[in-house]
Amino acid sequence: MSLSIGIVGLPNVGKSTLFNALTRAQNAVVANYPFSTIESNHAVVPLPDERLTRLQAWVEVDQAIPARIDFVDVAGLVKGAHKGEGLGNHFLGHIRHVDAIAHVVRCFHDENVAHVNAQPHPADDILVINTELALADLLQLERRMEKLEREVKGDRSLKPQLEMARQVEAHIGAGAPLRDFAQRNDPDFAALDFELRFLTNKPVIYVANIDEDSLESGNAWLDSAREIAEAEGAQLITVCASLEWELAALGDAERADYLSSYGLAQSSLEKFISESYRLLGLISYFTFNENEARAWTIRRGWTAPQAAGVVHTDMERGFIRAEVIPFAVFEQHQDRNAVRSAGLLQVEGRDYVVRDGDVIYFRFNV
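**A short note on the overall build of the protein**
Reasoning step 1: In terms of helices and strands, the protein carries 14 helices and 12 strands.
Reasoning step 2: Buried residues in the protein amount to 47% of all 366 residues.
Reasoning step 3: By sequence separation, contacts in the protein at least 24 residues apart represent 69% of the contacts at least 6 residues apart.
Reasoning step 4: Here the protein has roughly 17,700 Å² of accessible surface; of this, 47% comes from carbon and sulfur atoms.

**Thoughts on the sheet that holds strand β2 (residues 41-46)**
Reasoning step 1: Sheet architecture is open: 6 strands sit in the order β2-β4-β1-β5-β6-β7, paired in mixed fashion. Each edge of the open sheet carries a strand with a single partner, namely β2 and β7 (235-239). Neighbour to neighbour, the strand axes of the sheet diverge by 25° on average, direction disregarded.
Reasoning step 2: When strand β1 (residues 3-8) meets strand β4 (residues 68-73), the two strands line up parallel, connected through 5 bridges.

**Examining the packing of helix α4 (residues 122-151) against helix α5 (residues 159-173)**
Reasoning step 1: Between α4 and α5, the shortest axis-to-axis distance is 10 Å and the interhelical angle comes to 155°. In terms of axis orientation, α4 runs roughly antiparallel to α5. Along this stretch, α4 crosses α5, giving a crossing that reads as left-handed. Contacts between α4 and α5 involve Ala134, Asp137, Leu138, Leu141, Glu142, Arg144, Met145, Leu148 and Glu149 from the former and Gln161, Leu162, Ala165, Arg166, Val168, Glu169 and Ile172 from the latter.
Reasoning step 2: When the residues that make up the contact of α4 with α5 are grouped by side-chain class, the tally is 9 nonpolar, 1 polar and 6 charged.

**Comments concerning the nonpolar core**
Reasoning step 1: If you look at the biggest cluster of nonpolar residues, it comprises 71 residues, and the most contacted ones within it are Leu18, Leu22, Phe71 and Phe272.
Reasoning step 2: The contacts of leucine 22, once residues within four sequence positions are left out, are Ile7, Val45, Phe71, Leu269, Phe272 and Ile273.

**Section: the pattern of salt bridges**
Reasoning step 1: Here the structure, examined in full by the defined rule, presents 17 salt bridges.
Reasoning step 2: For the salt bridge of aspartate 49 with arginine 51, the shortest nitrogen-to-oxygen distance reads 2.9 Å. The same class applies to aspartate 49 and to arginine 51, which are both buried.
Reasoning step 3: As a salt-bridge pair, arginine 96 and aspartate 137 come within 3.3 Å of each other at their nearest N and O atoms. With arginine 96 in the loop between α3 (88-95) and β5 (100-106) and aspartate 137 in helix α4, this residue pair connects regions lying 41 residues apart in the sequence.
Reasoning step 4: The network of salt bridges with common partners includes Arg321, Glu323, Arg336, Arg340 and Arg363.

**Regarding the environment of valine 152**
Reasoning step 1: Among the structural elements, valine 152 can be located in the loop between α4 and α5.
Reasoning step 2: Through-space distance from the C-alpha of valine 152 to that of leucine 162 is 7.9 Å; in sequence the pair is 10 residues apart.

**Observations regarding the packing of aromatic side chains**
Reasoning step 1: One pass over the structure, following the stated rule, counts 9 aromatic pairs.
Reasoning step 2: Centre to centre, the rings of tyrosine 285 and phenylalanine 362 are 5.9 Å apart; their planes meet at 90°, and the pair counts as edge-to-face. Residue tyrosine 285 is found in strand β8 (residues 282-288), and its partner phenylalanine 362 is found in strand β12 (residues 359-364); the two are separated by 77 residues along the sequence. Exposure class is identical for tyrosine 285 and phenylalanine 362. Each is buried.
Reasoning step 3: Residues phenylalanine 288 and phenylalanine 330 carry aromatic rings whose centres are separated by 5.8 Å and whose planes lie at 85° to one another, so their mutual orientation is edge-to-face. Here phenylalanine 330 lies in helix α13 (residues 327-333) and phenylalanine 288 lies in strand β8, a separation of 42 residues in the sequence.
Reasoning step 4: Lying across the ring of phenylalanine 108, arginine 106 places its NZ or CZ 4.4 Å from the centre.
Reasoning step 5: The ring of phenylalanine 194 is capped by arginine 197, whose NZ or CZ atom sits 5.0 Å from the centre of that ring.

Each value, and the rule that gives it
Residues numbered from 1 in each chain as written. Predicted model: local features only at pLDDT ≥ 70, side-chain atom pairs only at ≥ 80, totals over all residues. Heavy atoms only, no water. Helix = DSSP H or I, 4+ residues; strand = E, 2+ residues; numbered from the N terminus. Buried < 20%, exposed > 50% of the residue type's maximum accessible area, 1.4 Å probe, protein only. Contact = heavy atoms within 4.5 Å. Areas by Shrake-Rupley, 256 points an atom, 1.4 Å probe, with all protein chains shown as cover. Pairing = 2+ DSSP bridges. Axes fitted to C-alpha atoms, helices over the stretch in contact; angles between N-to-C directions. Parallel < 35°, antiparallel > 145°, perpendicular 65-115°, else oblique. Left-handed = near helix turned anticlockwise from the far one by under 90°. Nonpolar A, V, L, I, M, F, W, Y, C, P; charged D, E, K, R; others polar. Core = buried A, V, L, I, M, F, W, Y, C linked by side-chain atoms within 4.5 Å. Salt bridge = Lys/Arg side-chain N within 4 Å of Asp/Glu carboxyl O. Phe/Tyr/Trp six-rings, centres within 6.5 Å; stacked < 30°, edge-to-face > 60°. Lys NZ or Arg CZ within 6 Å of the ring centre and 35° of its normal.

Take it as geometry only, folks, not as evidence of what the structure does.
And the structure:
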């Protein structure tokens, strides 16, 4: 399964710089004027996972294929975006199909980098974006409700969905995102969300983009953004996008040395990628053969047959059993046959719930 993250924010907050650092390439235009991004940019980014590297070394294979995340960078949003202002609802449409939103907030001042306001003001900037996402949801919902009100006259089975739509409208109208909607698990809400892809129902990570001078001490803008994230129960990651872009140009060894000089095991960008993964309740399990070791993405709580289906649908359909080695056990023995000889190979059936880091060999027959 794939995971997609939409990068949103006001113009000139560092979205495209962040995107380029993520992809280790200049795929998005970076310029000192609003709307330098006029088409959405897409890139697939590997999920950092040192366990896969270690597994590759233990089983002595040539390739390691990591789990991946799809990032989408869209044009900066402004007031009125839901009505088409700026580059508007064309780009809101691009992020309706992502799994989560990374909301980039400018937490630095630089006279050489234009901002839509005289200077950054995280509370106002966040409010603009969140309001536009909510208004875009309302606009979509109103159109659907008009259709439902006509259809329900001939099909009374649609009445619960219309009532749900009215409750959703009231919730958004009160200024609350659908992430806080009490009936999110209701089947009628799920049907609406599947059709309309509500923006305010998507998980959010705030990405506070700071300058290098604020890396250690922070600043008042960062404090303001953090307060908002905490009040919403959202995750906030601090990133210096310009520095991460520079790091992205370095080789792996140089980048590791640079991070080590600051006492860091991973860059803030890698933390951002990992937190995006965790936010959506995803985990990784591993497989290997004579050619490669590979990480696979599944939802936490999935059973062994569901996990097998990510590799190939035939494996889920013809599932017999899963031969499972917890990662800690594999780390101890570093060899499948040694694990088997120690009596630690777990033979699991259809009800087994896969755990993060499991190394699995599936038996199936079709």
